[in-house]
Amino acid sequence: DAAATRTKAKSTVLEERDTTHPRYITELLTGILRGLGSIADVPRIRKRIGDDVLWDSAKLPWRRSSFWLVIRVALQTTLERSALGRTTYKLFMLFFMAKLTTLAHDLSNDILHFMLAKIARRLFKRGSSASPESSQVV
């Protein structure tokens, strides 16, 4: 029911390249929370995820890592709810990406170019709020 299927040669087969629909988890969880919990006003965060799937003659597609999303959300919520705030999260991500770029010696020039462009965009967004020390580190 939740698994993706395709019709091939007039028969229905499971599509192993597509993800399972999360409805059993999400609908069960929301039902339990509605029955047991109460409404809470919490600060919300918003993550833009480019849910791109790259096929290019591959049996299994490349997808963005959901684990990386969980790490970013946990880090952001932890830092924003502490005294450190959102600025520290943004500067940490900038530093982390710059450090990854220095460690990535065996990547192609295209990938390094895109990584550096992303770092430059983040640094530009910081604008005058970015300290000279953080700009020098990056």
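Residues numbered from 1 in each chain as written. Predicted model: local features only at pLDDT ≥ 70, side-chain atom pairs only at ≥ 80, totals over all residues. Heavy atoms only, no water.

Colleague: Sorry, what's going on with the pairing of strand β2 (residues 11–14) here?
Modeller: In summary, the side chains of a regular strand alternate between the two faces of the sheet. As paired strands, strand β1 (residues 5–8) and β2 are joined by 4 bridges and run antiparallel to one another. Bridge assignment links T7 to a residue of β2, and that residue is T12. Adjacent in sequence and paired antiparallel, β1 and β2 are bridged by 2 residues, among which A9 carries a positive phi angle near 55°. (Pairing = 2+ DSSP bridges. Helix = DSSP H or I, 4+ residues; strand = E, 2+ residues; numbered from the N terminus.)

Colleague: Explain the packing of aromatic side chains here, please?
Modeller: Aromatic ring pairs: the centre-centre distance and the angle between the two ring planes describe each pair. This structure, assessed with the given rule, holds 2 aromatic pairs. Centre to centre, the rings of W68 and F96 are 5.7 Å apart; their planes meet at 25°, and the pair counts as stacked. One end of the pair, W68, is in helix α2 (residues 66–81); the other, F96, is in helix α3 (residues 85–103), with 28 residues separating them in the sequence. By relative accessible area, F96 is classed as partly exposed at 28%. Summarising the aromatic geometry, the rings of F92 and F96 are spaced 6.0 Å apart at their centres and angled 15° between planes, so their arrangement reads as stacked. Placement of the pair is F92 and F96 together in helix α3, with a separation of 4 residues, close to one helical turn. Counting every residue linked through ring pairs, the aromatic cluster contains W68, F92 and F96. (Phe/Tyr/Trp six-rings, centres within 6.5 Å; stacked < 30°, edge-to-face > 60°. Buried < 20%, exposed > 50% of the residue type's maximum accessible area, 1.4 Å probe, protein only.)

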